[in-house]
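Next come the chains, spelled out residue by residue.
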Amino acid sequence: MYHRFNESKYPSTNIQMDVFKNQMEIIKKSNYTFSDPDRFKKDFLTPKKNKEILITIDDGFESFYINAWPYLKKNKIPFILFISTEPVGKVGYMNWSQIKEVEKEKFAFIGHHSHTHDYLIDDANDMFIKDIEKANKIFLKQLGYIPNLFSYPFGEYSKFMRNYISQNFEYAFGQHSGVIDVNKNKFELPRFPINENYGELKRFKSIINSFPLEYEQLFPEEKKLTKKTNPPEFKVKFFKEQKNIENINCYSNELNKWEKSNTNLKNQELTIKFRGPFSPRRGRINCSLNDNGKWRWFGIQFPIQNN
């Protein structure tokens, strides 16, 4: 997941173009292929013989159009560009003419990223629906269709939001890190955020070489935390076929401090006893496993209600 390109004053959402090009070259020289979003939608449930890398860009910043778009177009690298409709045409953002230019290419796909890109999880459910419906009308007017791929603003979603999106879109992406596999919920798909802080080439190589840490069930189903549910009762049920599960390590940021999690593993079920509540705005858990030399990974994000 990318945002800005060559905008150094925003390091948490920016990547320098020379680094981005190096990252794309690493993928090209690997045994992996760039995932075509159209094919991704059609055969999601088909296990892949070879790993595919799906490139996504959020927000539609003008720096993407100026700096990254010419490179992606020249190399015909497929990607999804998630657009929030309210900022379109404002300073620093692409306009509809630019978006339509990108959208004409067969390898470029436009995704839905809400209207306002606000902290929608803090709004009432009907306000969330109104925001999505407003964006739908604008997409329909400007593009002639409503994009059927969705990206949650800030990667934040509640059970209600996820269920609503599942009834109106084909897939939805968060901002929790991890590798997609056929067992992942189609409306809670993970992505590795790439930026200046977490885009160093050594880390990038390790990311694209990682494998999914598959699980059968994960609790709680409700990711939105309130004062009563923070910290959550966290449990992951792994498949019986998963080997080397005793090698798993998890890290979490409860009490606003990243530390190794206090885990307990019994009968293929992992639980975490948190040191205390997560601090606003988000709680995160990342788990990894050395499976005979294959590094497996999954991450979870818990948005915290800000009232």
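For the structure, see preceding data.
None of these values were measured; they are calculated from a predicted model.

Novice: Run through the environment of I245, naming residues and quoting values.
Specialist: Considering the arrangement of structural elements, one finds I245 in the loop between β12 (234–237) and β13 (249–252). Between the C-alpha atom of I245 and that of Q268, which follows or precedes it by 23 residues, the distance is 7.4 Å. Ignoring any residue separated from it by four or fewer positions in sequence, one finds I245 in contact with F238, L265, Q268 and L289.

Novice: Describe the state of the cysteines, and please don't skip the residues or the numbers.
Specialist: One pass over the structure, following the stated rule, counts one disulfide. The side chain of C250 participates in a disulfide bridge whose partner is C287; the two sulfur atoms lie 2.1 Å from each other. Torsion about the S-S bond of the C250 and C287 cystine: about 110°, corresponding to right-handed handedness. A residue pair is termed long-range when its members are at least 10 positions apart, and C250 in strand β13 and C287 in strand β17 (residues 282–291) qualify at 37 residues. Both residues of the pair, C250 and C287, count as buried.

Novice: Help me get a handle on the sheet that holds strand β11 (residues 217–219), residues and values and all.
Specialist: Spatially, β11-β12-β16-β15 is the arrangement adopted by the four strands of the open sheet, whose pairing is antiparallel. Edge positions in the sheet fall to β11 and β15 (263–266), since each of these pairs with one other strand and no more. Strand after strand, the sheet turns through a mean of 15° between neighbouring axes, direction not considered. Bridging between β11 and β12 involves three bridges; their strand directions are antiparallel. Bridge pairing links F219 to K235 in β12.

Conventions and cut-offs
The numbers attached to residues start from 1 for each chain and follow its sequence in the written order. In keeping with the predicted nature of the model, local features appear solely for residues at pLDDT of at least 70, side-chain atom pairs appear and are counted solely at 80 or more, and the whole-chain, interface and lining totals rest on all residues. Side-chain figures throughout are based on the complete set of non-hydrogen atoms in the structure, without hydrogens or water. For the purposes of this entry, the term helix denotes a DSSP run of H or I that reaches at least four residues, the term strand denotes a run of E that reaches at least two, and both are numbered from the N terminus. Contacts between residues were defined by any pair of non-hydrogen atoms, one from each residue, lying within 4.5 Å. Pairs of cysteine sulfur atoms within 2.5 Å are identified as disulfides in what follows. Note on exposure labels: buried denotes an accessible area under 20% of the residue type's maximum, exposed denotes more than 50%, and partly exposed covers the range between, all computed with a 1.4 Å probe on protein chains only. We call two strands paired when DSSP finds no fewer than two bridges between them. Angles here are taken between N-to-C directions and fall from 0 to 180 degrees, while the axes themselves are lines fitted to C-alpha atoms, restricted in helices to the stretch in contact.

By themselves, these figures tell us nothing about what the structure is for.
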